[in-house]
Amino acid sequence: MASIIVIGCAGFVGSNLSVRLISEGHCVMGIDNLSYGNLKNIKSLESNQNFKFFESDVRDYKSLQHCKGEILVHLASQKIPRYSSAFVTLEDNLLMLKNAIRKCNEDKIKLVFASTSDVYGKNINLPYHEESDLNLGPTTVKRWAYALSKIYGEHLIIANHAEYGLEYTIMRFFGSYGPNQNTTWWGGPQAVFIQNILEGKPLELHGDGTQTRTFTYVDDTVEGVVKCMFHPAAKNEIFNVANNPTEEIAIRNLAEMIWKLMKGDHSVPHINMIPYETFGKYEDVMRRVPSIEKIKSLLNYKPRFSLKQGLKLTIDWQKDFKNEN
């Protein structure tokens, strides 16, 4: 069994990953500053002797110095600055990653890094495979700051491999969702749609709702992470971690699916359209579809949950979460 450092352990993917690793007998040293994570997400682990939690901020390298492990999984991140600051996204993501790389270089351990499908940007050639071009919009549109921070992060990791022998695996997540997700826009459109319905509010759609995404239930995401951590063929590779490309869905159709799952097939959804101008100069990606052939063939990864199956489980969890708060 291995000793694992998980940065962002109280967050969405981090908490689900930590539970999985502990259940398999690994030791986890979890770090989270709780800016987006929640202690409730790791409550089931608090008395487990194989789990140690440190409330600290990896923007400060001292927070990592006491941690020992064989693999470091870096999941903490600032996301697309839709309602927030591009400066914070750029600065925080770089600083956290530089400290994670420094830790892995000093201790000679493997880095497993959470990148994003957003790096593919506006590339119109679908599906996206790991060697696809990364095509971003203009620097005057701040939404690209997140993708840029992750692209720079990938380059920085690969450069450290070439310069210092850093062992790594880079994961590009596609729309992960499920239990422990943030219930605001930080957690994705599915989280907001469910929360809107639970609170008796209309569904809020950004743009015209025709943009498409491919969503991945968190158990499948975690399965991909675990394979990227331990499978020998994952060494120094990049992988899309995603659901089957056949699960591509328009955001408006996603909203209607969630409405029907919660309110019944014959209920008519109440929808409010939110113009992109609401959050300044903005560009959206109109289609985002993954290829998962590489992770399937090299790591024997296979997603188990259809979108509808995953949404039912997520809705049940979010209902319980709302009732507890």
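Worth saying up front: this structure is predicted, and the values here are computed from it rather than measured.

J.: Tell me about the environment of isoleucine 22, residues and numbers included.
T.: Within the secondary structure layout, isoleucine 22 lies in helix H1 (residues 12-23). Under the relative-accessibility criterion, isoleucine 22 is labelled buried at 9%. Sequence separation between isoleucine 22 and glutamate 256 is 234 residues; the distance between their C-alpha atoms is 37 Å. Not counting residues up to four positions away in its chain, the partners in contact with isoleucine 22 are Val28, Leu45, Asn48, Asn50 and Phe51.

J.: Describe the pairing of strand E1 (residues 3-7), and please don't skip the residues or the numbers.
T.: The element E1 is extensively covered by neighbouring structure, given that four of its five residues are classed as buried. With H1 bridging E1 and its parallel neighbour strand E2 (residues 27-32), the resulting β-α-β unit is right-handed. Two elements, E1 and strand E4 (residues 71-74), share four bridges in a ladder whose sense is parallel. Its bridge partner being in E4, isoleucine 7 is matched across the sheet by histidine 74.

J.: Account for the pattern of salt bridges, with residues named and values stated.
T.: Applying the stated criterion across every chain yields a total of 18 salt bridges. Salt-bridge contacts for arginine 213 lead to aspartate 284; the nearest nitrogen and oxygen are separated by 2.8 Å. Here the residue arginine 213 occupies a position in strand E9 (residues 212-213), and aspartate 284 occupies one in the loop between strand E13 (271-274) and helix H8 (293-299), the gap between them amounting to 71 residues. In this structure aspartate 284 comes out as buried when scored by relative accessible area, which is 13%. Where salt bridges share partners, they join Arg20, Glu24, Glu223 and Lys227 into one cluster.

What counts, and at which threshold
- Residues numbered from 1 in each chain as written.
- Predicted model: local features only at pLDDT ≥ 70, side-chain atom pairs only at ≥ 80, totals over all residues.
- Heavy atoms only, no water.
- Helix = DSSP H or I, 4+ residues; strand = E, 2+ residues; numbered from the N terminus.
- Buried < 20%, exposed > 50% of the residue type's maximum accessible area, 1.4 Å probe, protein only.
- Contact = heavy atoms within 4.5 Å.
- Right-handed = clockwise from strand over helix to strand, strands pointing away.
- Pairing = 2+ DSSP bridges.
- Salt bridge = Lys/Arg side-chain N within 4 Å of Asp/Glu carboxyl O.

Read these as geometric descriptors, not functional statements.
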